[in-house]
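# Close look at the chain arrangement
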Amino acid sequence: MEDVKNTVAKNIAELRLLNNMTQAELAEKLNYSDKTISKWERGESSPDISVLVEISDIFGVSLDYLIRSESIDKELIESHKAQKNYNHVAIASVSQGAVIFVALFAFILTSLISDKVSFQWLYFVYALPIVVILQLIFNSIWFNPRNNYFIVSLLMWSVLVAIHLSFWHFGINIALIYLLGVLGQVIIFLWSLIKKPKRITSFIEEQAEL
């Protein structure tokens, strides 16, 4: 049992370093403290089976690969990681490109139907918040969640710009709406300061050390 614990400790540390990830970053993904990650990597304790599954998913390896004693094939991991990242970027790009395609199609169709219509450029304005929403979704699932605060800010401002330009097109100036953006930016900043609660097992371990 001790050998398995040491093997898991070694593999977690190697996979983390191979993925250029700090203990704090891995802890954030698992909702544990960096102290707990450090204890795992020193072999002082070991994550339970459900957490091992999460770790294997994060690093793109099988559970068996994580607990076996053979040395990690770094080239295989790098290849798998690169392919996985490529697929994620490709899916996100295609989805966002599809939104622009629909906006362009609507622009062309509206222009062909009537030459008296002048609002079709707004389709691209409305497409921007949708593209940002998709980026927020994909970033939350596949990329760095820390960037969500920036993406949410971009979403808020893109929505405000869309509303402003919509009213401006019909001769109504509502530039004061950007005051909502200033307040919203403050709220987003305060939101970014909120820390996630640690898992109960991590909390118990830290209390036991005191």
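Look a little higher up for the structure.
What counts, and at which threshold
Residues numbered from 1 in each chain as written. Predicted model: local features only at pLDDT ≥ 70, side-chain atom pairs only at ≥ 80, totals over all residues. Heavy atoms only, no water. Phe/Tyr/Trp six-rings, centres within 6.5 Å; stacked < 30°, edge-to-face > 60°. Buried < 20%, exposed > 50% of the residue type's maximum accessible area, 1.4 Å probe, protein only. Helix = DSSP H or I, 4+ residues; strand = E, 2+ residues; numbered from the N terminus. Axes fitted to C-alpha atoms, helices over the stretch in contact; angles between N-to-C directions. Parallel < 35°, antiparallel > 145°, perpendicular 65-115°, else oblique. Left-handed = near helix turned anticlockwise from the far one by under 90°. Contact = heavy atoms within 4.5 Å.

### Considering the packing of aromatic side chains
Summed over all chains, the structure comprises seven aromatic pairs. An angle of 85 degrees between the planes, with centres 6.2 Å apart, marks the rings of Phe 119 and Tyr 123 as edge-to-face. Its relative accessible area of 34% is what places Phe 119 among the partly exposed residues. Given a relative accessible area of 23%, Tyr 123 falls into the partly exposed group. On the numbers, 6.3 Å between centres and 75 degrees between planes, the contact of Trp 121 with Trp 168 is edge-to-face. With a gap of 47 residues between them, Trp 121 in the loop between helix 6 (74-113) and helix 7 (122-141) and Trp 168 in helix 8 (residues 148-169) connect regions that are remote in the sequence.

### A word on the packing of helix 7 against helix 8
At a minimum axis distance of 9 Å, the contact between helix 7 and helix 8 shows a crossing angle of 165 degrees. Between helix 7 and helix 8, the crossing angle belongs to the class labelled roughly antiparallel. Relative to helix 8, the crossing made by helix 7 is left-handed. For the pair helix 7 and helix 8, contact is made by Leu 122, Val 125, Tyr 126, Leu 128, Pro 129, Val 132, Ile 133, Gln 135, Leu 136, Asn 139 and Ser 140 and by Asn 148, Ile 151, Val 152, Leu 154, Leu 155, Ser 158, Val 159, Ala 162, Leu 165, Ser 166 and His 169, respectively.

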